[in-house]
Amino acid sequence: MANKNLGILILIATLVAQATWVRAKEYIVGDDKGWAPGVDYDAWIKDKEIFQGDKLVFRFERETRKLYYTTHEKCNACCPNDPLMEMYPCGNNCLTVMKIGKRCVMSTREDCLNGMKLLFEVKPAPVLQECGETII
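Rules behind the numbers
Residues numbered from 1 in each chain as written. Predicted model: local features only at pLDDT ≥ 70, side-chain atom pairs only at ≥ 80, totals over all residues. Heavy atoms only, no water. Core = buried A, V, L, I, M, F, W, Y, C linked by side-chain atoms within 4.5 Å. Buried < 20%, exposed > 50% of the residue type's maximum accessible area, 1.4 Å probe, protein only. Helix = DSSP H or I, 4+ residues; strand = E, 2+ residues; numbered from the N terminus. Contact = heavy atoms within 4.5 Å. Salt bridge = Lys/Arg side-chain N within 4 Å of Asp/Glu carboxyl O.

1. Thoughts on the nonpolar core
Counting residues in hydrophobic clusters, the biggest one holds 21 residues, and the most contacted among them are Trp 35, Leu 56, Phe 58, Leu 118 and Phe 120. Broken down by secondary-structure element, the contributors of at least two residues to this core are helix H2 (41-45), strand S3 (55-59), strand S4 (67-71) and strand S8 (117-123). Setting aside its immediate chain neighbours within four residues, Phe 120 contacts Ile 45, Ile 50, Leu 56, Tyr 69, His 72, Val 97, Gly 101, Lys 102, Arg 103, Cys 104 and Val 105. Membership of the second largest hydrophobic core comes to 7 residues, among which are Cys 78, Cys 104, Met 106 and Leu 119.

This is how it looks when you write it as structure tokens:
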């Protein structure tokens, strides 16, 4: 009986995990221009909704940029000190966003002052609704 209950629990956990995975999207920040000076990231993010579990991919020439995941307040001030996370500058950084709220990814203070910052809001992952029975 315990094995049956454990099996059901594992099945439920797997279904929940797959529901989030199916919904998650991956965005290449800046599309074909990547993470570079001169890109209008405000315009790029304008028509996108970012949900928990979505991935933001930052493409740039390796070792040329540092990335800081930080709060909106620090980003508006272009202050990379004490970020929520500092990302290694490998040139193909992938950030899976999980925490709900207003967030930002920025480079150095100088780059940020020149517009290299991405301000976005992470929304709760949508809840999949069960299909109701239809009687014909």
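Read on, since the account is not over.
2. What about the pattern of salt bridges?
As enumerated under the stated definition, the model contains 3 salt bridges in all. The partner of Lys 48 in a salt bridge is Asp 47, and the shortest N-O contact between them spans 3.2 Å. For Asp 47, a relative accessible area of 64% translates into the label exposed. A salt bridge links Lys 123 to Glu 49; the shortest N-O distance between them is 3.0 Å. Residue Lys 123 is located in strand S8, and its partner Glu 49 is located in the loop between H2 and strand S2 (50-51); the two are separated by 74 residues in the primary sequence. Here Lys 123 falls in the partly exposed class, since its relative accessible area comes to 29%. Assessed through its relative accessible area of 44%, Glu 49 is described here as partly exposed.

Structural measurements only, silent on function.
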